[in-house]
Amino acid sequence: MGNKPDIIRAIVLIFAVGLVITGFTSIQASEDKRADRAAVPAVGFIQPVNQGLNR
């Protein structure tokens, strides 16, 4: 019975480390998505200057 608390602590520690790793990777992924959106211009809304209005 003396080994059971050690096993439970090890399982909880592994779970906590997994949560921390998941948190860091999700933060990194969200930063990458924001950087991608900032780099892409809104091409669909830009009308060339030398063209007249299309009617």
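Read on for a plain summary of the structure. (Residues numbered from 1 in each chain as written. Predicted model: local features only at pLDDT ≥ 70, side-chain atom pairs only at ≥ 80, totals over all residues. Heavy atoms only, no water.)

1. Some thoughts on the overall build of the protein chain
If you tally the helices and strands in the protein chain, you get one helix and zero strands. Buried positions account for 0% of the 55 residues belonging to the protein chain. Counting only carbon and sulfur atoms, one obtains 67% of the accessible surface of the protein chain, whose full area is about 5500 Å². (Helix = DSSP H or I, 4+ residues; strand = E, 2+ residues; numbered from the N terminus. Buried < 20%, exposed > 50% of the residue type's maximum accessible area, 1.4 Å probe, protein only. Areas by Shrake-Rupley, 256 points an atom, 1.4 Å probe, with all protein chains shown as cover.)

2. Considering a nonpolar patch on the surface
Where nonpolar side chains cluster on the molecular surface, the patch consists of L13, V17 and I21 and spans about 280 Å² of accessible area. Assignment of secondary structure puts L13 in helix 1 (residues 4-39). Residue class for L13 comes out exposed when judged on its relative accessible area of 55%. (Patch = residues over 30% accessible without salt bridge, like charges linked within 9 Å, V, L, I, M, F, W, Y side chains within 5 Å. Salt bridge = Lys/Arg side-chain N within 4 Å of Asp/Glu carboxyl O.)

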